[in-house]
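# Coordinate inspection notes
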Amino acid sequence: MSDPLERLAKHAHESHVVVAGGGVSGLVAALECAKVGMRVTVLEASDAFGGVVRSAEVGGLTLDVGAESFATRGGIVRALLAELGLDDQVVPPNSAGAWVAGVPGVGAAPLPKGGVLGIPDNPWAPDVRRVIGWAGAWRAYVDRLRPPLTIGHQHSLGALVRQRMGARVLDRLVAPVTSGVYSARPDDIDVDLAAPGLNAALTRTGSLGGAVAELRAARNTPTPTDAPASDVPVVEGAAPRTPAPGGAVEGIVGGMSRLVDALVARLGELGAELRTGVAVTELAPRDGGWTVHTDDEPLDADAVIVALPEGVARRLLAPVVPNLDDSEPIAPVVEVVTLVVHAPALDAAPRGTGVLTVPGSHVAKALTHSTAKWDWVRDATEPGIHVVRVSFGAQGEEPATATLDDDAAAELALSEAAALLGVELAPSALRAAHRVRYVQSQPGAAIGRAAQTAAARGAVRAVLGLGATGAWLSGTGLAQVIPDARAEADRVRSAALWHRG
Ligand SMILES: Cc1cc2nc3c(=O)[nH]c(=O)nc-3n(C[C@H](O)[C@H](O)[C@H](O)COP(=O)(O)OP(=O)(O)OC[C@H]3O[C@@H](n4cnc5c(N)ncnc54)[C@H](O)[C@@H]3O)c2cc1C
């Protein structure tokens with residue numbers, strides 16, 4: 001065969017790629033390989049594909065019980081949806097905006113518009129003052145008076161905000177956002193990763209408020225605190241690594257799990273083998289490839305892409321990847337309790353599309369009022385019926401629901417929902433409940449995290465025929481996970497084809 005393209009096509013057909021993990025990262029990586037004609041097998045340990053993107057039937061409704069939206073930033077997720085023929089199903093959330101609850105002396109108030117990661121550009125704006133009070137506004141104003149010379153390059157978001165604007169801005173505006181977005185305290189978040197450009201703008205403008213204003217003007221895009229749409233990732237602890245630029249989100253009519261269904265269908269059309277209920281247990285190098293051991297039959301592969309959560313990925317990779325640390329960092333655990341309630345008082349969406357909490361003020365971390373947020377959820381429900389998702393757990397704390405059985409967890413979620421939404425929800429209001437536990441990745445914006453993941457990537461790349469992707473490497477959020485999976489699959493498939501060629 002002399003034609004190089006023909007030769008490449010033949011090599012593609014002869015190459016077998018095994019993808020370990022059938023979450024979105026694994027399915028996207030598999031699609032990239034299947035598209036060029038490679039033989040692809042996806043092995044998923046659970047009984048369904050999608051990982052964190054999953055749906056469940058709750059009270060007769062099919063609802064997302066994991067990820068429920070995607071960040072619009074860069075049009076990345078949208079492009080995949082278009083490729084899968086789903087782009088006409090994309091919808092924005094309603095524009096009511098999110099609230100913050102547990103503000104001392106205030107209770108609940110709309111989350112102010114016009115900030116970056118909760119940091120206001122103008123502490124005197126009425127919506128900001130409502131949350132931080134006059135005392136907080138005066139303290140935050142000191143930021144404008146402090147000489148620029150005292151501004152250094154601060155890595156910790158918490159230290160920066162505390163220093164420049166004081167505790168009220170930190171505790172009441174920034175901490176609810178980082179807790180919601182990253183399940184992390186502001187002190188643990190790296191400013192340069194969470195809000196790229198903020199430090200530089202600070203040096204230029206001489207104040208943090210000035211830097212926020214400059215950043216927002218430059219981006220001309222909404223942020224988590226001003227985008228009415230943005231509370232989804234915020235609320236559910238799942239935002240992209242850099243939520244500040246383009247905090248806006250969109251969803252899919254019928255739920256995000258339609259993305260998973262479409263990926264599975266396309267992979268089927270391309271002839272990929274898709275197996276659920278098969279856990280990958282060990283990787284063993286063999287001549288020019290791998291033996292993939294599972295709790296079922298072993299498989300031979302020319303290349304393996306590991307698209308698993310961090311703990312299991314490190315355990316699997318460490319024996320075959322020199323210099324890869326197999327210790328599992330402490331990962332935040334989140335429990336999401338989805339409630340279907342009969343509560344006509346919620347028709348008026350009293351707290352917009354969702355509520356973040358001042359850490360420590362409530363047992364729940366955050367809440368999404370799904371029927372207020374998504375028209376398709378509202379249209380699927382009877383009058384007076386509402387769907388709310390209550391999330392528990394932040395970094396360093398077990399979710400309050402962790403030790404409870406499902407009924408007790410639903411009861412706690414109901415009473416937290418009543419408190420956060422400011423309405424009465426009697427036990428008789430509860431129609432159905434669903435609870436799910438997720439172990440999240442350490443946030444990509446956590447201090448020191450970028451170096452850890454870069455080291456892991458470097459170690460994996462040194463091994464021929466091996467790839468790794470997933471939220472622990474790319475950062476959480478579909479807008480991070482999808483391009484990373486594509487890039488890693490591209491790297492692995494190119495290497496595999498060259499190797500054969
Ligand atoms: C509660 C919650 C809400 C979120 N909401 C949003 C949102 O609204 N918008 C957004 O963009 N992002 C959101 N995210 C983040 C986003 O969902 C994730 O970053 C993304 O889905 C991660 O995909 P993944 O493929 O890397 O991992 P996962 O989805 O965790 O997939 C890994 C897969 O590997 C499987 N597996 C595990 N062990 C094995 C094994 N040994 N062998 C084979 N398979 C195995 C698992 O069963 C799983 O299916 C949310 C996250 C959480 C936790």
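## Focus on the overall build of the protein
- Along the backbone of the protein there are 18 helices and 22 strands.
- Here the C-alpha radius of gyration of the protein, 23 Å, is about what a compact globule of 501 residues would show, namely 23 Å.
- Principal-axis analysis of the C-alpha atoms gives the protein an extent of 75 × 60 × 40 Å.
- Of all 501 residues assigned to the protein, the portion counted as buried reaches 58%.
- Pairs at least 24 apart in sequence give 71% of the contacts found in the protein among residues at least 6 apart.
- Entry remark: accessible area of the protein is about 19000 Å², with carbon and sulfur atoms responsible for 54%.
- If the 43 positive side-chain charges of the protein are averaged to one point and the 55 negative ones to another, these points end up 8 Å apart.

## Structural notes on the sheet that holds strand β12 (residues 273–276)
- In spatial order, the strands read β12-β2-β1-β16-β22; together these 5 strands make up an open sheet with parallel pairing. A single partner strand is all that each edge strand has here, and the edge strands are β12 and β22 (466–468). When the angles between neighbouring strand axes are averaged without regard to direction, this sheet yields 15 degrees.
- Relative to β22, strand β16 (residues 303–306) is paired through 3 bridges, and the arrangement is parallel. Its bridge partner being in β22, Ile305 is matched across the sheet by Gly467.

## Let's talk about the pattern of salt bridges
- This structure, assessed with the given rule, holds 26 salt bridges.
- The partner of Arg204 in a salt bridge is Glu214, with the nearest N and O atoms 2.4 Å apart. Note that Arg204 is positioned in helix α8 (residues 198–205) and Glu214 in helix α9 (residues 208–219), a separation of 10 residues in sequence.
- Residue Glu214 is classed as partly exposed on the basis of its relative accessible area, which comes to 27%.
- The residue Asp375 makes a salt bridge to Arg378 at a minimum N-O spacing of 3.3 Å. With Asp375 and Arg378 both in helix α14 (residues 375–380) and 3 residues apart, the pair spans about one turn of that helix.
- Asp375 sits in the partly exposed class, given a relative accessible area of 35%.

## A word on the packing of helix α2 (residues 24–35) against helix α11 (residues 257–269)
- Interhelical geometry of α2 versus α11 gives an angle of 30 degrees and a closest axis separation of 10 Å. Put simply, α2 runs roughly parallel to α11. Both α2 and α11 take part in a crossing whose hand is left-handed. Touching Val24, Leu27, Val28, Ala30, Leu31 and Ala34 of α2 are Val260, Leu263, Val264, Arg266 and Leu267, all from α11.
- Considered class by class, the residues forming the contact of α2 with α11 number 10 nonpolar, no polar and 1 charged.

## A short note on helix α15 (residues 406–421)
- Taking 1.5 Å as the rise per residue, α15 with 16 residues should run 22 Å; its terminal C-alpha atoms sit 22 Å apart, in good agreement.
- When we look at burial in α15, the residues that qualify are Ala409, Ala410, Ala413, Leu414, Glu416, Ala417, Ala418, Leu420 and Leu421.
- Here the buried face of α15 lies against β7 (98–103), β17 (333–342), β18 (354–357), β19 (366–369), β20 (385–392) and β21 (430–439).
- Following α15 by one or two positions, Gly422 adopts a phi angle in the positive range, close to 70 degrees.

## Considering the domain arrangement of the protein
- Splitting the protein by domain gives domain 1 (4–50 + 257–329 + 447–500), domain 2 (55–95 + 332–439) and domain 3 (112–225).
- One C-alpha centre belongs to domain 2, the other to domain 3, and the line joining them spans 28 Å.
- Across the boundary between the two partners, domain 2 contributes 10 residues, which contact 11 residues of domain 3.
- Buried surface at the junction of domain 2 and domain 3, both sides included, amounts to about 750 Å², of which 59% is carbon and sulfur.

## A short note on the packing of aromatic side chains
- All told, the structure shown has 4 aromatic pairs when counted by the stated rule.
- Plain terms: the ring middles of Trp124 and Trp134 are 6.1 Å apart, the flat faces sit at 45 degrees to each other, and that makes the pair tilted. Of this pair, Trp124 sits in the loop between β10 (119–120) and α4 (126–145) while Trp134 sits in helix α4; the two residues are 10 residues apart in sequence, bridging distant segments of the chain.
- We classify Trp124 as partly exposed; its relative accessible area is 26%.
- Here a set of aromatic residues connected by ring pairs shows up, and it is made of Trp124, Trp134, Trp138 and Tyr141.
- The lysine or arginine in question, Arg129, covers the ring of Trp134, its NZ or CZ lying 4.1 Å from the ring centre.

## Description of the environment of Trp376
- Summarising the element assignment, Trp376 is placed in helix α14.
- Owing to a relative accessible area of 15%, Trp376 belongs among the buried residues under this scheme.
- In this structure, the C-alpha to C-alpha distance between Trp376 and Val53, residues 323 residues apart in sequence, is 18 Å.
- Setting aside residues up to four positions removed in sequence, Trp376 forms contacts with Thr62, Asp64, Val91, Ile252, Val253, Gly254 and Gly255.

Each value, and the rule that gives it
- Residues numbered from 1 in each chain as written.
- Predicted model: local features only at pLDDT ≥ 70, side-chain atom pairs only at ≥ 80, totals over all residues.
- Heavy atoms only, no water.
- Helix = DSSP H or I, 4+ residues; strand = E, 2+ residues; numbered from the N terminus.
- Rg over C-alpha atoms; globule rule 2.2 N^0.38 Å.
- Buried < 20%, exposed > 50% of the residue type's maximum accessible area, 1.4 Å probe, protein only.
- Contact = heavy atoms within 4.5 Å.
- Areas by Shrake-Rupley, 256 points an atom, 1.4 Å probe, with all protein chains shown as cover.
- Lys, Arg positive; Asp, Glu negative; His and termini not counted.
- Charge placed at Lys NZ, Arg CZ, Asp CG, Glu CD.
- Pairing = 2+ DSSP bridges.
- Axes fitted to C-alpha atoms, helices over the stretch in contact; angles between N-to-C directions.
- Salt bridge = Lys/Arg side-chain N within 4 Å of Asp/Glu carboxyl O.
- Parallel < 35°, antiparallel > 145°, perpendicular 65-115°, else oblique.
- Left-handed = near helix turned anticlockwise from the far one by under 90°.
- Nonpolar A, V, L, I, M, F, W, Y, C, P; charged D, E, K, R; others polar.
- Expected span 1.5 Å × (residues − 1).
- Domains from an automatic or database assignment.
- Buried area = accessible area lost by both parts, 1.4 Å probe.
- Phe/Tyr/Trp six-rings, centres within 6.5 Å; stacked < 30°, edge-to-face > 60°.
- Lys NZ or Arg CZ within 6 Å of the ring centre and 35° of its normal.

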